[in-house]
Amino acid sequence: ALPTKFGLSQNYPNPFNGKTSFVLSLPVASDYTVNVYNVAGQVVRTFEGSAGAGNKTIVWDGTDQNGKPVSSGIYFFRAAAKDFSAVMKGLYLK
């Protein structure tokens, strides 16, 4: 079944070590952007693209845009698609 509204699931597992996943629910085909921020508010990783209506799973492997591992700590996942935006918090433990 297709989602009836936009949504962002809590990442799992949380806390995580290695990689974590979260699901972006898209009721209609949409362009999307998901930014991963550190506690200083800096973007450490960006995922963007287009997807048809449905659930889009995004996997973050704990690396920055250059493929370097990030440090342990709290990270925020901000998703945006059309008029929707949401933020979730995750804990990365090495």
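Keep in mind the model is a prediction, meaning the values are calculated, not measured. (Residues numbered from 1 in each chain as written. Predicted model: local features only at pLDDT ≥ 70, side-chain atom pairs only at ≥ 80, totals over all residues. Heavy atoms only, no water.)

Participant: Can you help me understand the overall build of the chain in this one?
Facilitator: A count of helices and strands for the chain gives 0 helices and 7 strands. Across the chain, helices and strands are ordered from the amino to the carboxyl terminus as β-β-β-β-β-β-β. Each principal axis of the C-alpha distribution contributes one length, and for the chain these read about 35 × 20 × 20 Å. Classification of the 94 residues of the chain by burial places 39% in the buried group. Considering only residue pairs separated by 6 or more positions, the chain has 50% of its internal contacts joining residues 24 or more positions apart. When the accessible surface of the chain is summed, it comes to about 5,200 Å², and 51% of that surface belongs to carbon and sulfur atoms. Side chains of the chain carry 9 positive and 5 negative charges; the gap between the two charge centres is 7 Å. (Helix = DSSP H or I, 4+ residues; strand = E, 2+ residues; numbered from the N terminus. Buried < 20%, exposed > 50% of the residue type's maximum accessible area, 1.4 Å probe, protein only. Contact = heavy atoms within 4.5 Å. Areas by Shrake-Rupley, 256 points an atom, 1.4 Å probe, with all protein chains shown as cover. Lys, Arg positive; Asp, Glu negative; His and termini not counted. Charge placed at Lys NZ, Arg CZ, Asp CG, Glu CD.)

Participant: Hey, could you run me through the sheet that holds strand E3 (residues 30-37) in this one?
Facilitator: Note: strands within a sheet are paired through backbone hydrogen bonds, in either parallel or antiparallel orientation. Pairing in this open sheet of 4 strands is antiparallel, and the strands run E4-E3-E6-E7 from one edge to the other. Edge positions in the sheet fall to strand E4 (43-51) and strand E7 (84-92), since each has one partner strand and no second. The sheet shows a mean angle of 15° between the axes of neighbouring strands, taken without regard to direction. With 6 bridges connecting them, E3 and strand E6 (residues 73-81) associate as antiparallel partners. By the bridge assignment, tyrosine 37 is partnered in E6 with phenylalanine 76. (Pairing = 2+ DSSP bridges. Axes fitted to C-alpha atoms, helices over the stretch in contact; angles between N-to-C directions.)

Participant: Just checking my understanding: could you explain the sheet that holds strand E2 (residues 20-26) for this structure?
Facilitator: Across the sheet, 3 strands lie side by side as E1-E2-E5; this open sheet has antiparallel pairing. Since the sheet does not close on itself, it has two edges, and those belong to strand E1 (7-8) and strand E5 (54-60), each with one partner. Sheet topology places E1 next to E2; 2 bridges connect them, and they run antiparallel. Paired with leucine 8 across the strands is leucine 24, a residue of E2.

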